[in-house]
Amino acid sequence: MKYRVKHSTRYEYADQVNQGYNVAYLIPRECNGQRINFSDIRIVPTPTSKIKRVDYFGNVVCHFTVEKPHRKLEVIVDSEVEIAPSEPRLLSGGITCAEVRAALLNGSSAEDVKASEFCFDSPMIAVTEELKTFAADIFSPERPFLAAVNELNSRIFNDFKYDPGFSTVATPLKDVMASRRGVCQDFAHLAIGVLRGMGFAARYVSGYLETLPPPGQVKMEGADASHAWFAVYIPGDDWQDFDPTNDVMPADQHITTAWGRDYSDVTPLKGVVFGGGGKQVLSVAVDVSRVEFSAERALFAANGAPARRAEDPEPPHPSTLSQQSQSQQNQSQASVTPTQALQAQTQSQLPPRNF
C-alpha cells in the first residue's frame, strides 16, 4: 500500500517572535515493512539553519532555527510512504510470558539487552502499583505472550472511553486511570506502563492512521490527524505493534513516524521562542491519501470503478482546507465523525516558552 501524507502545523503569535529554536519529529522513518519514497520538510519563514539527523532510537529528527522577526511559523511535511503487506500474527502459540521475562532479565542476546532499556520508567511513564495490577490476571506465566498482550489491548479499548476533550500532553496516567478516559497517547502510555510494571519491554510509537469517510461521503482534506500506539518486544523475534485506541494490531493502514520511550522522546514539534507575546494560536491539518498501484487500478477498472489515468498516477497534491484553532487534543476533529475521531489524535505541540 502506498500513501501520500501531508502534515501542516501553523503557529500565529500575538506579538513578534525574534528567534525560534525548534525540533521536529515529523518525517516518517524506514523500518520493517515500511519504505519512504520521499519526504520533504518546508518551513516558513525560511530558517537560518536546518539540520536533519538520526537520533538514538533511529528516528529522523530535524533541528531548525528561525532568526528573523516573524508573527507566524508554518511547518509543512510532505511524504510518500510504501507499506508492504503483512501476514497476521499467530497469537495462540509462541513464547510464553515467563520466557519473555527471563530473556529480558538474563540478557540472553544482544537484542534482549538492547530492548531491556524499554523495561524502565521514562519521563512520562512511572510504574505504580495500580499499573502493575491492572492486568496481572492476564499475564499468567505459561500463557502465550502475544495472546496476553492482545487481551490487554482489548481491555483498554473496552474499559476506557475515547475523549479528545479530557486530557492534554501533560495529563498524568493516574488521572487517566481514575477517569477511565483519554486519547490515543494516553492509551499507549497506559499499556506501556502496565507492561513495564510486569517486566516486559514496551515502546511508544507515533505516526498516522488512514481514516475513511462514512459510506457515500467525500473525505475532507485536513481531517486526518496524528496517531499513537505501542509495541512490545518478543525475544528471539522482533517488536510487534498494538493499537489500543482501535483494538487492532497495526497493519497496512498505520504509518510509523518515530518511536521512543514515551511521547516526550518523539514530540512532533517542540522548541523555544523569544518573544511572541505569551499567546499563540495553533492550527494543525493532516491529510493521509492512498495512492493506487497499477495492479490496484486494473482491479478497480475490472470491477467497474474508474481507474486513474496512467499519466496521472498520484492524487492531486493535498491542500489544507480545514485547519482548526483548538486545543492540542482537539486538533483536526471538527469535520470527523465519532468513529473517525476514535481513530486519530493530533499530537503536534510547540510549548509556549517565551523569553
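Please refer to the structure placed before this passage.
As a starting point, this report considers the structure included with it.

A separate point is the environment of D112. The topology assignment puts D112 in helix α2 (residues 110–115). Residue classification places D112 among the buried positions, given a relative accessible area of 3%. Those residues in contact with D112 that lie beyond four places of it in its chain are A103, L104, G107, Y233, P235 and G236.

With eight of eight residues buried, strand β9 (residues 226–233) is to be regarded as a mostly interior element. Residues of β9 alternate between two faces, with S226, A228, F230 and V232 on one and H227, W229, A231 and Y233 on the opposite face, all of them buried. Bridge count for strand β8 (residues 202–209) against β9 is seven bridges, and the pairing is antiparallel. Among the inter-strand pairings, A202 is bridged to a residue of β9, identified as V232. With four bridges connecting them, β9 and strand β10 (residues 239–242) associate as antiparallel partners. Following the sheet pairing, V232 is matched in β10 by Q240. The loop that links β9 with its antiparallel partner β10 comprises five residues; one of these, G236, has a positive phi angle of about 75 degrees.

Summarising the element assignment, S122 is placed in the loop between α2 and α3 (129–134). At 3.0 Å, the side chain of S122 and the side chain of R196 are in polar contact. Apart from the residues lying within four places of it in its own chain, the contact partners of S122 are R196, R261 and D262.

Attention now moves to the layout of surface pockets. The space that makes up the largest pocket amounts to roughly 1,000 Å³. Along the wall of the largest pocket there are 38 residues; nearest its centre are N32, R203, D238, W239 and D241. Of all the secondary-structure elements, those providing two or more residues to the lining of the largest pocket are α2, β9, β10 and β11 (254–260). Element by element, the count of residues in the lining of the largest pocket is highest for α2, at four residues. Split into classes, the residues belonging to the lining of the largest pocket amount to 16 nonpolar, nine polar and 13 charged.

Any two packed helices are characterised by how steeply their axes cross, that is the angle between the axes, and by the distance between the axes. At a closest axis distance of 11 Å, the pairing of helix α4 (residues 145–159) and helix α6 (residues 184–197) adopts a crossing angle of 140 degrees. What the angle tells us is that α4 and α6 run oblique. Crossing hand, α4 versus α6: right-handed. Where α4 abuts α6, its residues V149, L152 and I156 lie against F187, L190, A191, V194 and L195.

Calculation criteria
Residues numbered from 1 in each chain as written. Predicted model: local features only at pLDDT ≥ 70, side-chain atom pairs only at ≥ 80, totals over all residues. Heavy atoms only, no water. Helix = DSSP H or I, 4+ residues; strand = E, 2+ residues; numbered from the N terminus. Buried < 20%, exposed > 50% of the residue type's maximum accessible area, 1.4 Å probe, protein only. Contact = heavy atoms within 4.5 Å. Pairing = 2+ DSSP bridges. Polar contact = N/O pair within 3.5 Å; in protein donor to acceptor, adjacent residues only side chain to side chain. 1 Å grid on protein atoms, 1.4 Å probe; cavity = no way out; pocket = protein on both sides within 12 Å on 5 of 7 lines; lining within 4 Å. Points joined across faces, edges and corners; volume = space filled by probe spheres on them. Nonpolar A, V, L, I, M, F, W, Y, C, P; charged D, E, K, R; others polar. Axes fitted to C-alpha atoms, helices over the stretch in contact; angles between N-to-C directions. Parallel < 35°, antiparallel > 145°, perpendicular 65-115°, else oblique. Left-handed = near helix turned anticlockwise from the far one by under 90°.

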